[in-house]
Amino acid sequence: MSERIRLAAVTKQYPSKGRSTAPPAIDGVDLSIEAGEIYGLIGRSGAGKSTLLRMINGLEKPTAGRVLVDGVDVHALAPSELRALRHGIGMVFQQFSLWNSRTVFGNIATPLKIAGWKDDAIARRVGELIDFVGLQGKAFARPRQLSGGQKQRVGIARAIAARPSILLSDEATSALDPQTTTGIVDLLRSVNREFGITIVVVTHEMDVVSALADRVSILSEGRVVESGDIHQILARPRHPVTAGLVGSYTGTTLTEREKDALRERFTGRRISVTVDAATAESPLLSRLARENGVDFAIIQGGVARVRSLPYGQLSLALHGDDAAVDRFIAQLGEHTEVIAW
Ligand code: ADP
């Protein structure tokens, strides 16, 4: 695979209002996104995700560092070159940003008109796109006659109309209910698969990023605190911010506060075990318990799958004599991460 987007030591400081200097919105970010992948940028509100995204298509200028698209420095381009670059980058927004006075057809056709396409080519392309996004029969509807999910389908059709090589998605599903979100996530996956478009997805929703992204960076206070493939991030979050996002998504990890509340209820030795293929797909836990004469109660936990690989966490209360429990923990620790609490 080849590199499509690179951010090198990118910093963005918005001009401060008043006397106090705000911390930078983006603070020394390095990132590399391959052609054809779906890359997730996740973090809480205010982490800097939108700012980062808007620097990729030149809507924001970095204060320092470089943003390269296909090896070209976006912010060194002349205005006409920047316009040309933007034709190759589509964008979808949380609030859809459709033209309310134009029909579905008109909304999708507009970027093609601006790009100088001929009328008959536009009509063919828009027809194709209306079918692709599943809006057959809606060509002459106005945005106000459409549901949120349908509006976002128009937004996606418009964004990919001029056959861009990159699609930037800024919280595209955040205004939608869970079922509609699933439909839009599926559509974005087909955009990626069928046209090979590289997609950068900005979201605060872990379920969206885990359903879509191949690789992910976690942003906090303008910095990338952790990056990795989606299974690695969900199975073994390293940074506390990642662990917090993953924990509140899966509901299987325990916070220190929750552990304190559970200590009295569960006597015995308490451990939390990271679930991965070794623990989930072989009878490892039960075998080691049997061989060492250890029993366990399940305090909390769960196992889920992403890209068919298992991940999760199990918190157990172990019972047995001390030496046996020690052996059990040590042997289990050879296969996966075990934290005693
Ligand atoms: P996110 O997308 O993760 O919610 P943003 O990129 O929107 O984060 O914002 C990151 C930080 O930059 C926030 O503190 C926000 O208030 C600030 N910020 C964003 N846009 C502007 C702007 N145009 N002017 C000043 N500050 C901004």
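In case you missed it, the structure is sitting above this.
Just so you know, these numbers come straight off a predicted model, no measurement behind them.

Engineer: How should I be thinking about the packing of helix 3 (residues 104-114) against helix 4 (residues 119-132) in this particular structure?
Structural biologist: Between two packed helices, the angle of one axis relative to the other and the distance separating the axes together describe the packing. It is at 10 Å that the axes of helix 3 and helix 4 come closest, and there the two elements cross at 130°. The pairing of helix 3 with helix 4 is recorded here as oblique in orientation. Note that helix 3 runs across helix 4; the crossing there is right-handed. Contacts between helix 3 and helix 4 involve Val104, Phe105, Ile108, Ala109, Leu112 and Lys113 on the former and, on the latter, Ile122, Ala123, Arg125, Val126, Leu129 and Ile130. Here the contact of helix 3 with helix 4 is built from residues that sort into 10 nonpolar, no polar and two charged.

Engineer: Looking at this structure, how should I read the sheet that holds strand 4 (residues 64-69)?
Structural biologist: Two modes of strand pairing occur in sheets, parallel and antiparallel, and in both the strands are linked by backbone hydrogen bonds. Taken in spatial order, the four strands of this open sheet run 2-1-4-5, and their pairing is antiparallel. Each edge of the open sheet is held by one strand with a lone partner, namely strand 2 (26-34) and strand 5 (72-73).

Engineer: Please explain helix 13 (residues 322-333) as it appears in this structure.
Structural biologist: Quick reminder: α-helices carry 3.6 residues per turn. Residues three or four places apart thus point the same way. Taking 1.5 Å per residue, 12 residues should reach 16 Å; helix 13 reaches 16 Å between its end C-alpha atoms and fits that length. Along helix 13, the residues classified as buried are Ala324, Val325, Phe328, Ile329 and Leu332. All buried residues of helix 13 project into a common sector of 135° when viewed along the axis, lining one side. Considering only its buried residues, helix 13 is in contact with strand 11 (269-275), helix 11 (277-280), helix 12 (284-292), strand 13 (309-319) and strand 14 (338-340).

The rules behind the values
Residues numbered from 1 in each chain as written. Predicted model: local features only at pLDDT ≥ 70, side-chain atom pairs only at ≥ 80, totals over all residues. Heavy atoms only, no water. Axes fitted to C-alpha atoms, helices over the stretch in contact; angles between N-to-C directions. Helix = DSSP H or I, 4+ residues; strand = E, 2+ residues; numbered from the N terminus. Parallel < 35°, antiparallel > 145°, perpendicular 65-115°, else oblique. Left-handed = near helix turned anticlockwise from the far one by under 90°. Contact = heavy atoms within 4.5 Å. Nonpolar A, V, L, I, M, F, W, Y, C, P; charged D, E, K, R; others polar. Pairing = 2+ DSSP bridges. Expected span 1.5 Å × (residues − 1). Buried < 20%, exposed > 50% of the residue type's maximum accessible area, 1.4 Å probe, protein only. Arc of directions from axis to C-beta.

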